[in-house]
Amino acid sequence: MSTLSQYGSGIKSIQTGFVGTTTVSTGTGEALRYVDITVSAVSNISKCFVVFNGSANNQSYDTNSWYYSVSLSGTFFIPTIRVLNSTTIRIMSSSSSILANGFVGRWTLVEYN
């Protein structure tokens, strides 16, 4: 098993999770549709890097299944992600077409020393 100490002292923490949202909020601008995710507190958000590997779309998912299946007729959007504050990251899209369960994927938050 690898540990952070094996790779030097540059990385302070790594957090990761999966989102298959059931509630999408409505905002403005680049965050017209978004979901906020609570994370463990980081010390300094200017020393963080966050990435989202997933999609946003306007088709419904079967959220009771172990997989997410989507109609090929759906439109997919590339969402963005940002660190809002020390305990919140936001996955968002500027498309008003995103449905209530439209964000699906894995996020990773890396905090550096």
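Figured I'd write up the structure that's included with this text. (Residues numbered from 1 in each chain as written. Predicted model: local features only at pLDDT ≥ 70, side-chain atom pairs only at ≥ 80, totals over all residues. Heavy atoms only, no water.)

### Some thoughts on the pairing of strand 3 (residues 33–38)
Here is step 1: As judged from the two bridges shared by strand 2 (residues 25–26) and strand 3, these two strands associate in the antiparallel manner. Bridging from a neighbouring strand, serine 25 pairs with tyrosine 34 of strand 3.
Here is step 2: Between strand 2 and strand 3, which follow one another and run antiparallel, lie six residues, and glycine 29 among them has a positive phi close to 60 degrees.
Here is step 3: Relative to strand 7 (residues 88–93), strand 3 is paired through six bridges, and the arrangement is antiparallel. Looking at strand 7, one finds that valine 35 is bridged to isoleucine 91. (Pairing = 2+ DSSP bridges. Helix = DSSP H or I, 4+ residues; strand = E, 2+ residues; numbered from the N terminus.)

### Quick word on the environment of threonine 23
Here is step 1: Looking at where threonine 23 falls in the secondary structure, it is placed in the loop between strand 1 (11–20) and strand 2.
Here is step 2: Judged by relative accessible area, which is 55%, threonine 23 ranks as exposed.
Here is step 3: For the pair threonine 23 and phenylalanine 103, spaced 80 residues apart in sequence, the C-alpha to C-alpha distance is 9.4 Å. (Buried < 20%, exposed > 50% of the residue type's maximum accessible area, 1.4 Å probe, protein only.)

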